[in-house]
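Coordinate analysis (summary)
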Amino acid sequence: MDLDSVFRAEYGRCVATLTRMLGDIGLAEDAVQDAFAVAVHKWDEPPPNPGAWIVTTARNRAIDRLRRESTREARHAQALLLHHPKEPEEGGPVRDDQLRMIFTCCHPALSPLAQTALTLRLLGGLEVAEIARAYLVPEATVAQRIVRAKKKIRDAGIPYRVPEAAELPDRLTSVLTVLYLVFNEGYTSTSGELLRTDLCLEAVRLARALAELMPDEPEVIGLLALLLLTEARRPARVGPSGELVVLAEQDRSLWNRELIAEGHELVRRCLRRAQPGPYQLQAAINAVHTDGPATDWAQVLALYDQLLQHTPTPIVALNRAVAVAELHGPAPALAAIDELDLPGYHLLPATRADLLARLGRTADAIAAYDEAITLATNDTERTFLETRRARLELEA
Amino acid sequence: MKQYLLAVQFDESAPAPSATELQEQMARTGKVTDEMRAAGSWVFVGGLLPSHATTVIRPGNGTTTMTDGPFAETKEQLGGFWVIRCDDLDQALSWAEKCALACGCPIEVRPFEDAQGG
């Protein structure tokens, strides 16, 4: 394991723990970065527990740094460190620094973009550029939102704790969105390799912790089921030479049966409650995909119709069109996505290209693939699109 | 402990409430203030007269000029405010929710620059 992968894996955990120790996110980030700078010089090989090493070093660095400074914040943070050297004060029912961090980052007093950007940066260790691509917004906007959000957390006194039972349901919506987006970033990374397994596992881990905390919230269970059923297919998603394999062509024997069984059980639990929401519906769609030897597209389309009523977004409409194509052919699907407006989103022209190709409109399909290839930011997806395009040119 | 300003954003263009409505509103906000006192969060409360009674003094060239009316001629004006003392924003926000429901106006929550006494 090299330093980069240690950074990826441990940054979020370390910042969350140091924030609890220091009482300030900015100080925590500085301390963790200091510790990684020390690691660059000291490590020939990462120690057996690199996270613990980083936390200890960051803590010592923070004490040194705070002793040199005499600001009020510094004295406060130093006092916190000396009085609570190891054990956190329990502010909520869950003993987990990262969960505490996610509720702070997803505080409703912060704007939605700031919430997710902050969570991806602080818990996922993502770079600003990666977050900007994931959100289709300029890098400078993301950077500014993160700075402002951290300042607001500190200045307005947004607490670093899991909310009390009475406040929990209200706080949930934004937390669910954030976990969903973290998983998606891991499942289809915005750059480089297709998968960022660490992010997928992290999102699943946080979703599990959340489901333990809130077992009576159907959407929490729905999100966990959705992530498990998607995660279960990950081993089949990339072929032997690292290429993208679409659902229809995946080797189903590679799917993780244990996760699928767990996901199906959770979906059944949701159905019994009969309080459907967007995550439960998406989980149900994925339960259909992973049930039996082939997908029952009529069921999938019925579920997408329901989902579109709950969340009438262009992305849901685009995914629904894929089910329309499977059931009723490419022409009505093409008509359904004709009006969609998703600037910068490569999957819209990619879907259009596939439908056009199926209709035999090769030249139009190639043009749509070109558009999708320009917009795709992930190498594996780009290669996939280029392969499809090349195949069409051979046929033409 | 931190201090927060809970500022009432009053819409001066809205039709004036009836005497009974006004009395009920005063009773509701008074009850919230009493709750704040009992919880040890209360620092100050005050209702303000509308902007017709407002005057602005501006500095310039070592002297001042005086104009009639508030800073900005908008329909939303500061209608009154609470100053409260509490541990964190969540506590301030839950007081603000009670204030908003009691007075029927939006409440802006702003932390004071320095938490007194830490």
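Position labels on residues start from 1 in each chain and follow its written sequence. Here every chain gets a letter starting at A, and every ligand a number starting at 1, in the order they are written. With pLDDT at 70 or above as the cut-off, local features in this predicted model cover only qualifying residues; side-chain atom pairs require 80 or more to be listed or tallied, and sums for whole chains, interfaces and linings still use all residues.

Per an unreviewed UniProt entry, chain B carries the name YCII-related domain-containing protein and comes from Nonomuraea diastatica. UniProt positions are given in the numbering used here, feature names are shortened, and annotations may be inferred rather than shown by experiment. Quoted verbatim from the Sequence similarities (unreviewed entry) field of UniProt, the annotation for chain B is "Belongs to the YciI family."

Under the annotation held in an unreviewed UniProt entry, chain A carries the name RNA polymerase sigma factor and is attributed to Nonomuraea diastatica. You can read under Sequence similarities (unreviewed entry) in the UniProt record for chain A the words "Belongs to the sigma-70 factor family. ECF subfamily."

Considerations on the overall build of chain A
In DSSP terms, a helix is any run of H or I states spanning at least four residues, a strand is any run of E spanning at least two, and both are numbered starting from the N terminus. Regarding its fold elements, chain A presents 20 helices and zero strands. Both definitions apply: the radius of gyration is a C-alpha atom measure, and the globule rule equals 2.2 Å times residues to the power 0.38. In terms of C-alpha radius of gyration, chain A reaches 23 Å, essentially the compact-globule figure of 21 Å for 396 residues. By its C-alpha atoms, chain A is 70 × 45 × 40 Å across when sized along the principal axes. Evaluated residue by residue, chain A yields a buried proportion of 43% over its 396 residues. In chain A, 62% of the contacts between residues at least 6 apart in sequence involve partners at least 24 apart. Think of it as a crowd count around each C-beta: if 20 or more other C-beta atoms lie within 10 Å the residue is buried, if 12 or fewer it is exposed, and in between it is partly exposed, with C-beta placed from the backbone throughout. Placing a C-beta atom from the backbone of each residue, one calls two residues in contact when those atoms lie within 7 Å.

Focus on the packing of helix H2 (residues 25-42) of chain A against helix H3 (residues 50-68) of chain A
All names here are of chain A. Every axis in this analysis is a line fitted to C-alpha atoms, fitted for helices over the stretch in contact. Angles between the N-to-C directions lie between 0 and 180 degrees. The geometry of H2 relative to H3 is characterised by a closest axis approach of 8 Å and an angle of 115° between their N-to-C directions. When the interaxial angle is binned, H2 and H3 end up roughly perpendicular. Seen along the crossing, H2 lies across H3 with a hand that is right-handed. Between H2 and H3, the residues in contact are Leu27, Ala31, Val32, Asp34, Ala35, Phe36, Val38 and Ala39 and Ile54, Thr57, Ala58, Arg61 and Ala62, respectively. Working definition: roughly parallel below 35 degrees, roughly antiparallel above 145 degrees, roughly perpendicular at 65 to 115 degrees, and oblique for all remaining angles. Rotating anticlockwise by less than a right angle from the far helix to the near helix defines a left-handed crossing, while the corresponding clockwise rotation defines a right-handed one.

Let's talk about the UniProt feature "domain: YCII-related" (unreviewed entry) in chain B
Under the present numbering, the feature "domain: YCII-related" (unreviewed entry) in UniProt falls on residues 8-102 of chain B. Along residues 8-102 of chain B the backbone is 37% helical and 35% strand, and the end-to-end C-alpha distance reaches 11 Å.

Quick look at the nonpolar core
Residue and element names in this part refer to chain A. To define a nonpolar core, we join buried Ala, Val, Leu, Ile, Met, Phe, Trp, Tyr and Cys residues through C-beta atoms within 7 Å and take the resulting set. Grouped together as the largest cluster of nonpolar side chains are 126 residues, with contacts concentrated most on Leu18, Val32, Ile102, Leu179, Ala203 and Ala225. An automatic or database domain assignment supplies the start and end points of every domain. Two domains each donate at least three residues to this core, and these are domain 1 (1-90) and domain 2 (314-395). Aside from chain neighbours lying at most four places away, what touches Ile102 is Thr119, Leu123, Val175, Val178 and Leu206.

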